[in-house]
Amino acid sequence: MQTQAPPATDAPDAPFVLRRRLLLTVLPCTGGCAVAVLILTNISLWLAAGAVALLGAGAARIALQQADQQQRAWLGQRVRHGVIAGVAAVAAYDVIRYGIKSVASLSLWPFHAIAMFGEQFIGTGTSTTAQYAVGGIYHLLTGVGFIVAYAIVFRRARWRTAIAWATALEASALLLYPSWLGVQSVNEFAAVSIGGHF
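None of the values given here were measured: they were computed from a predicted structure. (Residues numbered from 1 in each chain as written. Predicted model: local features only at pLDDT ≥ 70, side-chain atom pairs only at ≥ 80, totals over all residues. Heavy atoms only, no water.)

Undergrad: What exactly am I supposed to notice about the state of the cysteines here?
TA: Simply put, the disulfide is a covalent bond whose two ends are the sulfur atoms of two cysteines. In total, this model carries zero disulfides according to the counting rule given. In this model C29 remains outside any disulfide bridge; the closest cysteine sulfur is found in C33, 5.4 Å from its own. Using a relative accessible area of 12% as the deciding quantity, one classes C29 as buried. Judged by relative accessible area, C33 falls into the partly exposed class, the value being 33%. (Disulfide = S-S within 2.5 Å. Buried < 20%, exposed > 50% of the residue type's maximum accessible area, 1.4 Å probe, protein only.)

If you want it as C-alpha cells, here you go:
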C-alpha cells in the first residue's frame, strides 16, 4: 500500500509561503515607504504614512486569511525577534554614523533627517528639541520596521541576506535623501550612510 507524500511547504520553520511573507512586510515598512513617497511626491508625511499604513493593514489582512494558530505564533515570534534586533540595530546605526562624522571631522550632520521628520509632523514653528524628539521616534520606528520586515522575509538571519538587505536600504538612501536634505557633499553623506548601514 502506497502512502501519499505530505504536501510541500515553504519550510517547516516558516509556515507562510514567500508571497504571503512579502505581503506581511508592507506594514512594518510603512515609515520608510512613507518617506520615499514624501520625497518623490512632496505630499505630507502624515498623509503618506497613513496611506501606506492602510495599504499595509490590507496586505496583512490578506496574508493572514485562513492562517492557523501555528502560523500566527510563528509570525508573533518573528516580529518580537525583529523588534529586539531592530532597537539594537538603530542604536548601532546612529552611534556608527556619529563616530564616522567625529573621527573624519566631516561637516555633515548625520541626524538632520531626524529633525526634518519631526518638522513634517509638528510643523516648522516648533522647537528644535521637539522636532528631534518626534523625528527620533519616527526614525526608531522606521528602523525597527525594516528589521521586522527582514525577520519576516528571511527564515534565518545570514550574513549574505543581511548584506543584501542593507545594500537595498543604502541604495534607497543614496537615491532619495541627498536632494531632499540639500546635502552639500554627497561623498560625505555616502560615507556616513554606508558606514551606518553596514
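Undergrad: Before we go on, may I ask you to explain the confidence of the model for the protein chain in this structure?
TA: In low-pLDDT segments, the atomic positions of the prediction should not be examined closely. Of the residues in the protein chain, 92% reach a pLDDT of 70 or more, and the chain-wide mean stands at 89. Averaged over each element, pLDDT in the protein chain is lowest for helix α8 (residues 186-197) (78) and highest for helix α6 (residues 128-153) (97). Counting interchain partners and residues more than four positions distant, the pLDDT-below-50 stretch residues 1-12 has six contacts. (pLDDT = per-residue confidence, 0-100. Helix = DSSP H or I, 4+ residues; strand = E, 2+ residues; numbered from the N terminus. Contact = heavy atoms within 4.5 Å.)

Undergrad: Can you help me understand the side chain of S193 in this one?
TA: Note on placement: S193 falls in helix α8. Overall, S193 belongs to the buried group, its relative accessible area being 4%. Excluding residues within four positions of it along the chain, S193 makes contact with Y93, E170 and A173.

Undergrad: I keep staring at helix α7 (residues 159-181) and nothing clicks. Help me out?
TA: Turn by turn, an α-helix covers 3.6 residues, leaving residues three or four places apart pointing in a common direction. Its 23 residues give α7 an end-to-end C-alpha distance of 31 Å, which sits within 8% of 33 Å, the value for a rise of 1.5 Å per residue. Within α7, burial applies to T161, A166, L169, E170, A173, L176, Y177, P178, W180 and L181. (Expected span 1.5 Å × (residues − 1).)

Undergrad: Hey, could you run me through the nonpolar core in this one?
TA: Across soluble globular proteins, you tend to see nonpolar side chains buried next to one another. Membership of the largest hydrophobic core comes to 23 residues, with the highest contact counts inside it found for V35, L45, F117, Y138, Y177, W180 and L181. Only α2 (30-41), α3 (45-64), α5 (112-122), α7 and α8 provide two or more residues apiece to this core. Each residue touching L45, except ones within four places of it in the same chain, is listed here: A34, V35, L38, F117, Q120, F121 and Y138. With eleven residues, the next largest nonpolar core counts L24, L64, A67 and I152 among its residues. (Core = buried A, V, L, I, M, F, W, Y, C linked by side-chain atoms within 4.5 Å.)

Undergrad: Quick question: what am I supposed to make of the packing of aromatic side chains here?
TA: Think of a pair of aromatic rings as described by two things: how far the centres are apart, and how the planes are tilted against each other in angle. Tallied over the full model, the rule gives twelve aromatic pairs. A centroid spacing of 4.9 Å and a plane angle of 85° characterise the contact between W46 and F121, whose relative ring orientation is edge-to-face. Here the residue W46 occupies a position in helix α3, and F121 occupies one in helix α5, the gap between them amounting to 75 residues. With a relative accessible area of 55%, W46 lands in the exposed category. Classification of F121 by relative accessible area gives buried; the value is 17%. Aromatic ring contacts, followed pair by pair, group W46, F117, F121, Y138, Y177 and W180 into a single cluster. (Phe/Tyr/Trp six-rings, centres within 6.5 Å; stacked < 30°, edge-to-face > 60°.)

Undergrad: Looking at this structure, how should I read the environment of T30?
TA: Residue position: T30 is located in helix α2. Judged by relative accessible area, which is 11%, T30 ranks as buried. Counting along the chain gives 112 residues from T30 to T142, while the straight-line C-alpha distance between them is 7.3 Å. Setting aside anything within four residues of it in sequence, one finds T30 in contact with A49, V52, A53 and Y138.

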